[in-house]
Amino acid sequence: MRIKILGCSGGVGPGLRTTSLLVDDAILVDAGTGVGDLSLAQMSRITDVLITHSHLDHVCGLAFIADNLFGLLDRPLRVHATPETLAALREHLFNWKLWPDFSALPDAEHPIVVFHPLEPGQARAVGAMTVTPFQVLHTVPAVGYLIDSGQGVFVFTGDTYADDRLWNFLNGQPRLDRLMIDVAFPDEDAELGRLSRHFTPGLLGQELAKLRHRPKLYLTHHKPGTERAIEQECLTALAGWDYSHLKRGDIIMS
Ligand SMILES: [Zn+2]
Ligand SMILES: [Zn+2]
């Protein structure tokens, strides 16, 4: 599979976009501001959207995709997320106040967006991929996704923090080739990381000792302005690991 990083920053700024990955041009994982760089033709090729959690930096693009594609698609866009995340999207985003309810437009029989609830631990076929959501620890109900192409296994944790459920799930997998994981703050902001449930380099380095696999690591969600400090701290915190700091536009083959 070919994973294009549309956005991987913890915020916005020149050249920075929030979380969104495009898998084989058809599956979007999270819909942050990174989707704003897609052409209408590229957007119209998306069949499925996997959402990790309800935070705005991961879902705001969904509102604009639905609006852009209105009247252009002859089939609905499938949006997969946990029941808790779907309830938050319905209640707080597609609620006719912040944005129209595109799950009932143009009419309830032929909506532009169809919500598909998923349960952590239950694999499902999405296009040519097998996708398994798994619970992670964040400030709102959140999942990561294991995506198995048959050739390789790629895992994206979404926003997360130290939690043995994460390592138990990953250790239970027969294979793990690539792991994209959140490192939002430098170590001096460890308390902010604890409160907002995001990793810092030191804590991630400690927690990774629990992982029995040795995947290539892709670090994401650095808060704007902290990139240099995080990169410096990872030199020691992640010594011995094969890792890279993701940049918008990067391609991961798995
Ligand atoms: Zn979040
Ligand atoms: Zn986030």
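Report on the accompanying structure. (Residues numbered from 1 in each chain as written. Chains lettered and ligands numbered in written order. Predicted model: local features only at pLDDT ≥ 70, side-chain atom pairs only at ≥ 80, totals over all residues. Heavy atoms only, no water.)

Quick notes on the packing of aromatic side chains
Item 1. If you walk through the whole model with that rule in mind, you get six aromatic pairs.
Item 2. On the basis of an interplanar angle of 90° and a centroid distance of 6.4 Å, the ring pair of phenylalanine 94 and phenylalanine 102 is categorised as edge-to-face. Considered together, phenylalanine 94 and phenylalanine 102 belong to a single accessibility category, that of buried residues.
Item 3. Taken together, a centroid distance of 4.4 Å and an interplanar angle of 15° make the contact between phenylalanine 134 and phenylalanine 169 stacked. Placement of phenylalanine 134 in strand β8 (residues 129-136) and of phenylalanine 169 in helix α4 (residues 164-171) is noted, with a sequence separation of 35 residues between them.
Item 4. Look at phenylalanine 134 and you get buried, because its relative accessible area is 2%.
Item 5. Judged by its relative accessible area of 18%, phenylalanine 169 is buried.
Item 6. Of the aromatic side chains, those joined through ring pairs into one cluster are Phe70, Phe94, Phe102 and Phe115.
Item 7. For the cation-ring pair, arginine 214 lies above tryptophan 241, with the distance from its terminal atom to the ring centre recorded as 3.7 Å. (Phe/Tyr/Trp six-rings, centres within 6.5 Å; stacked < 30°, edge-to-face > 60°. Buried < 20%, exposed > 50% of the residue type's maximum accessible area, 1.4 Å probe, protein only. Helix = DSSP H or I, 4+ residues; strand = E, 2+ residues; numbered from the N terminus. Lys NZ or Arg CZ within 6 Å of the ring centre and 35° of its normal.)

A look at the coordination of the zinc ion (ligand 1)
Each donor-metal-donor angle would ideally measure 109.5 degrees in four-coordinate tetrahedral geometry, or 90 or 180 degrees in six-coordinate octahedral geometry.
Item 1. Donor atoms from the polypeptide that coordinate the zinc ion (ligand 1) comprise His53 (NE2), His55 (ND1), His138 (NE2) and Asp159 (OD), at 2.1 to 2.3 Å from the metal.
Item 2. Between the four donor atoms coordinating the zinc ion (ligand 1), the angles at the centre fall across 90 to 167°, so the site counts as irregular.
Item 3. Summarised as a motif, the one-chain spacing of the donors to the zinc ion (ligand 1) is H-x1-H-x82-H-x20-D.
Item 4. Taking relative accessible area as the criterion, histidine 55 reaches 26% and is therefore assigned partly exposed. (Donors = N, O, S within 2.8 Å, 3.2 Å for Na, K, Ca; no water. Tetrahedral: all angles 85-135°; square planar, octahedral: opposite > 155°, others 65-115°.)

Regarding the sheet that holds strand β2 (residues 20-23)
Item 1. Across the sheet, which stays open at both edges, the seven strands sit in the order β6-β5-β4-β3-β2-β1-β14 with mixed pairing between neighbours. Looking along the sheet, the strands with just one partner apiece sit at the ends: β6 (113-117) and β14 (251-253). Adjacent strand axes in the sheet meet at a mean angle of 25° when their direction is disregarded.
Item 2. Most of the contacts of helix α2 (residues 56-69) go to strand β5 (residues 77-81), to which it runs at about 165°, and overall it touches β3 (27-29), β4 (48-50), β5 and β6.
Item 3. The sheet strands contacting helix α3 (residues 83-92) are β5 and β6, and the helix crosses β6 at an angle near 150°. (Pairing = 2+ DSSP bridges. Axes fitted to C-alpha atoms, helices over the stretch in contact; angles between N-to-C directions. Contact = heavy atoms within 4.5 Å.)

So, the sheet that holds strand β10 (residues 153-156)
Item 1. Ordered in space as β7-β8-β9-β10-β11-β12-β13, the seven strands form an open sheet in which the pairing is mixed. The strands lining the two open edges of the sheet, one partner per strand, are β7 (124-126) and β13 (243-245). Ignoring which end each strand starts from, the neighbouring axes of this sheet average 25° apart.
Item 2. Here strand β9 (residues 142-148) pairs with β10 via four bridges, running antiparallel. By the bridge assignment, aspartate 148 is partnered in β10 with valine 153.
Item 3. Sheet strands touched by α4: β8, β9, β10 and β11 (178-182). Its angle to β8, the strand with the most contacts, is close to 150°.

Re the nonpolar core
Item 1. Counting 29 residues, the largest nonpolar core has Leu28, Val49, Ile51, Leu62, Val79 and Leu89 as the members making the most contacts within it.
Item 2. Contributions of two or more residues to this core are made by α2, β5, α3 and β6.
Item 3. Counting residues per element, this core draws most heavily on α2, at six residues.
Item 4. Setting aside residues no more than four positions away along its own chain, valine 49 makes contact with Leu28, Leu62, Leu77, Arg78, Val79 and His80.
Item 5. Core analysis: the second largest hydrophobic core is formed by 27 residues, Val136, Tyr161, Leu203 and Cys234 among them. (Core = buried A, V, L, I, M, F, W, Y, C linked by side-chain atoms within 4.5 Å.)

Some remarks on the state of the cysteines
Item 1. If you walk through the whole model with that rule in mind, you get zero disulfides.
Item 2. In this structure cysteine 60 is a free cysteine whose sulfur lies 15 Å from that of cysteine 8, the closest cysteine sulfur available.
Item 3. Classification of cysteine 60 as buried rests on a relative accessible area of 18%.
Item 4. Summary of cysteine pairing: cysteine 234 is not part of a disulfide, and the nearest cysteine sulfur, belonging to cysteine 8, is at 14 Å.
Item 5. Taking relative accessible area as the criterion, cysteine 234 reaches 0% and is therefore assigned buried. (Disulfide = S-S within 2.5 Å.)

What about the pairing of strand β12 (residues 216-220)?
Item 1. Among the five residues in β12, four count as buried, and that is most of the element.
Item 2. Bridge count between β11 and β12: five bridges; the pairing is parallel. Paired with aspartate 182 across the two strands is threonine 220, which belongs to β12.
Item 3. Across three bridges, β12 lies against β13 in parallel orientation. Its bridge partner lying in β13, leucine 219 is registered against histidine 245.
Item 4. On the question of chirality, the crossover connecting β12 to the parallel β13 by way of helix α7 (residues 227-237) is right-handed. (Right-handed = clockwise from strand over helix to strand, strands pointing away.)

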